[in-house]
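# Overview (structure and organization)
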Amino acid sequence: MADGKCTKNFPKDFTNNTITNVDGYPIYRRRNSANSRQSFIKNISNTDIDIDNRWVVPYSPLAANSNEAVWRIFGFYIHERDPAVVQLAVHLENGQRVFFTNETAIDRAINIPKTTLTYFFELCNRADDFGAFARTLLYSQVLRYFTWAQTKKWMPCKQGSPVDACLNLFKSNTMGRIFTVNSRQTVCFYLRLLLVNVTGTLSFLDKRNVNGQQYPTYKDACLALELLEDDNQWECMLTEAALNYTSIQICLLFAIELTTCFPARAEILWDNYKDSMTDDMLHQHRTQCNDQTITFHDVMYNKALIAIEDLCIIIANLPLSHFGMNSPNLTASDLMNTKMNRELRHYKLFGGTLLVLSGDFRQTLPVILRSTYADEINACLKSSSLWRNIKKLQLKVNMRVQMLQDPSAETFSKQLLDIGDGKLL
């Protein structure tokens, strides 16, 4: 009930037959009690209410689950989760999520809330037996031996199997699940990779320490631990491309490699193949100056980097610095031209990117909650203003049928098309 009315819109209207409403949901038959007097008077809050068919909730005796009803009546648990799974936070230093109001903003800024990760560092720094044992665990394993208490601290488990290596500590079957991190968030992504594979972490700084050597980034630490693949396959690909493709094509290939394959050492790949990516500029410069002794120089490399960064922004909307490379040096003229070209691309459909849409409209209608047939048609791509810009290509040969050479499959395929065309009932 809300504001004195039923939230399920009871009582319903009388109807002689079950019909489908315009929103696609059924309106069940509810006979008028005036024709067959099936009603009774119920006193609710000192008010007599005439209960008839309009108040009846339809149900199917075959679909009703009496076992579940009895289970609920006795207050038993309907479901349970075993083993328990607890999510573990992952974030950069001072990068945890903070909730605050106008009244608590200053306090939150001064007293940054702790998380499961920061308290895991504190647990590993403890000087007692629990701290020594925690330093042998991965971040995801801590929930096997410690519980995340309501006081927002790691407390030793008091139930489960005793742990021989640590007195008064027990092992449970609780599992920890570290939050996933998108690979585009490169710094946090490599931190998570270290948390998954390295035990005994004392701090964010200690996470970059490998065999006594301090590395400047989490990515360098991952490389030192051989947690990342080497770039041999990308070296081979660019070597082959340098023999067969133009500089523009190699730049495009390198941009695709950066944005989709995430090489471990992109800067080294650039240093090894930057001559191949600027070879056309060298040729043009030699031709214009009529001097074949001119060699590669930084201005050519910088122009190539500008072109590669533009391609990366088109593909992934990310600059070169995001992929571990140095950003190109842009003069005022270069900056203006680059911004103008990027703005012009915004006026093109999908930024000028080729988009392939596949499917059969006879079989893939949009699903809209409580919609009419007209709503579904209006939501189709063919009703969009974009449809006039789409080039239609039709596939006329069913390759599955042709390869299998199965007459029954061909018949079934034809029947599906006939149903879509409304020719087969």
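Here the residue index of a chain counts from 1 through its sequence in written order. Owing to the predicted nature of the model, reporting of local features is limited to residues with pLDDT of at least 70; listing and counting of side-chain atom pairs is limited to 80 or more, with chain, interface and lining totals taken over all residues. Values shown for side chains rest on all heavy atoms present in the structure; no hydrogens or waters enter the calculation.

Quick look at unusual backbone geometry now. Glycine aside, residues mostly have negative phi angles, and peptide bonds mostly take the trans form. Following phenylalanine 10, the chain continues to proline 11 via a peptide bond in cis, the omega torsion being 5°. Working definition: helices are DSSP H or I runs of at least four residues, strands are E runs of at least two. Numbering for both runs from the N terminus. Structurally, proline 11 is set in the segment before strand 1 (19-20). One non-glycine residue with positive phi stands out, namely asparagine 211, at about 55°. Position of asparagine 211 relative to the elements: it lies in the loop between strand 11 (209-210) and strand 12 (213-214). Even without being glycine, phenylalanine 262 reaches a positive phi, approximately 50°. Here phenylalanine 262 lies in the loop between helix 8 (247-261) and helix 9 (266-277). Exposure classes here rest on a 1.4 Å probe applied to the protein chains alone. A residue is buried below 20% of its type maximum, exposed above 50%, and partly exposed in between. The exposure class of phenylalanine 262 is partly exposed, given its relative accessible area of 32%.

It is worth spelling out the nonpolar core at this point. Take the buried residues of types Ala, Val, Leu, Ile, Met, Phe, Trp, Tyr and Cys, join any two whose side-chain atoms come within 4.5 Å, and each joined set is a nonpolar core. The biggest cluster of nonpolar side chains holds 34 residues, and the ones touching the most others in it are Phe146, Trp154 and Leu169. Those elements giving two or more residues to this core turn out to be helix 3 (116-124), helix 4 (129-134), helix 5 (186-197) and helix 6 (218-224). If one sorts the elements of this core by residue count, helix 3 sits on top with six residues. Setting aside residues up to four positions removed in sequence, tryptophan 154 forms contacts with Leu88, Thr116, Tyr119, Phe120, Leu123, Arg126, Val142, Leu143, Phe146, Thr147 and Trp148. The next biggest cluster of nonpolar side chains, apart from the first, holds 23 residues, and it includes Trp234, Ala241, Ile250 and Met277. Residues count as neighbours in contact if any of their non-hydrogen atoms are within 4.5 Å of one another.

In this model, the protein chain carries a mean pLDDT of 82, and residues with pLDDT of at least 70 account for 91%. The lowest-confidence element of the protein chain is helix 12 (residues 332-346), averaging 65 in pLDDT; the highest-confidence one is helix 5, averaging 91. pLDDT expresses how confident the predictor is about each individual residue, on a scale running from 0 to 100.

The next subject is the pattern of salt bridges. We define a salt bridge as a contact between a side-chain nitrogen of Lys or Arg and a carboxyl oxygen of Asp or Glu at a distance within 4 Å. For the structure on display, the rule yields four salt bridges. With a closest N to O distance of 2.6 Å, lysine 114 and glutamate 122 form a salt bridge. Accessibility expressed as a relative area gives 40% for lysine 114, which makes it partly exposed. Overall, glutamate 122 belongs to the partly exposed group, its relative accessible area being 38%. Of the charged contacts in the structure, one is a salt bridge between arginine 126 and aspartate 128, with a shortest N-O distance of 2.5 Å. Given a relative accessible area of 31%, arginine 126 falls into the partly exposed group. Residue class for aspartate 128 comes out partly exposed when judged on its relative accessible area of 30%.

Further remarks concern the packing of helix 8 against helix 9. The axes are straight lines fitted to the C-alpha atoms, using for helices just the contacting stretch, and the angles between their N-to-C directions are given from 0 to 180°. One way to put it is that helix 8 packs onto helix 9 with a least axis distance of 10 Å and a crossing angle of 165°. By the criterion of interaxial angle, the relationship of helix 8 to helix 9 is roughly antiparallel. As for the relative orientation of helix 8 and helix 9, their crossing is right-handed in sense. Residues Ser247, Ile250, Cys251, Phe254, Glu257 and Leu258 of helix 8 form the contact with helix 9, whose own contacting residues are Ala266, Leu269, Trp270, Ser276 and Met277. Ten residues, namely Ala, Val, Leu, Ile, Met, Phe, Trp, Tyr, Cys and Pro, are considered nonpolar, four, namely Asp, Glu, Lys and Arg, are considered charged, and the remaining ones, Gly among them, are considered polar. Here the residues of the contact of helix 8 with helix 9 sort into eight nonpolar, two polar and one charged. Here the angle decides the label: under 35 degrees means roughly parallel, over 145 means roughly antiparallel, 65 to 115 means roughly perpendicular, and every other value means oblique. A clockwise turn of the near helix away from the far one marks a right-handed crossing, whereas an anticlockwise turn of less than a right angle marks a left-handed crossing.

Attention shifts here to the packing of helix 7 (residues 232-244) against helix 9. With their axes 10 Å apart at the nearest point, helix 7 and helix 9 run at an angle of 5° to one another. Between helix 7 and helix 9, the angle is such that the two are roughly parallel. Of the residues in helix 9, those in contact with Trp234, Glu235, Leu238, Thr239 and Ala242 of helix 7 are Leu269, Asn272, Tyr273 and Ser276.

A word on the environment of alanine 307. Note on placement: alanine 307 falls in helix 11 (residues 298-316). Residues alanine 307 and glutamine 394 lie 87 residues apart in sequence; the distance between their C-alpha atoms is 36 Å.

Let us now look at the packing of aromatic side chains. Working definition: a ring pair exists when centres of Phe, Tyr or Trp rings (six-membered ring for Trp) sit within 6.5 Å. Plane angles under 30 degrees give stacked, over 60 give edge-to-face, the rest tilted. What the rule picks out here adds up to ten aromatic pairs. Measuring from ring centre to ring centre gives 4.9 Å for phenylalanine 133 and tyrosine 145, while their planes differ by 75°; the resulting arrangement is edge-to-face. A residue pair is termed long-range when its members are at least 10 positions apart, and phenylalanine 133 in helix 4 and tyrosine 145 in the loop between helix 4 and strand 6 (146-148) qualify at twelve residues. As far as burial versus exposure is concerned, phenylalanine 133 and tyrosine 145 are alike and both buried. A ring pair is formed by phenylalanine 296 and tyrosine 301, whose centres lie 6.1 Å apart and whose planes are at 15°; its orientation type is stacked. We classify phenylalanine 296 as partly exposed; its relative accessible area is 25%. Put simply, the rings of Phe120, Phe121, Tyr139 and Phe204 pair up and form one aromatic cluster.

Tracing the backbone through its elements, the reader meets serine 172 in the loop between strand 9 (170-171) and strand 10 (175-178). For serine 172, a relative accessible area of 18% puts it in the buried group. Pairing of N or O atoms within 3.5 Å defines a polar contact, subject to two protein rules: one partner must be a possible hydrogen donor and the other a possible acceptor, and residues neighboring in sequence count only if both atoms are side-chain atoms. Within polar-contact distance, the side chain of serine 172 engages the backbone oxygen of leucine 143 at 3.4 Å. Here threonine 174 takes part through its backbone nitrogen, which lies 3.5 Å from a polar atom of the side chain of serine 172.

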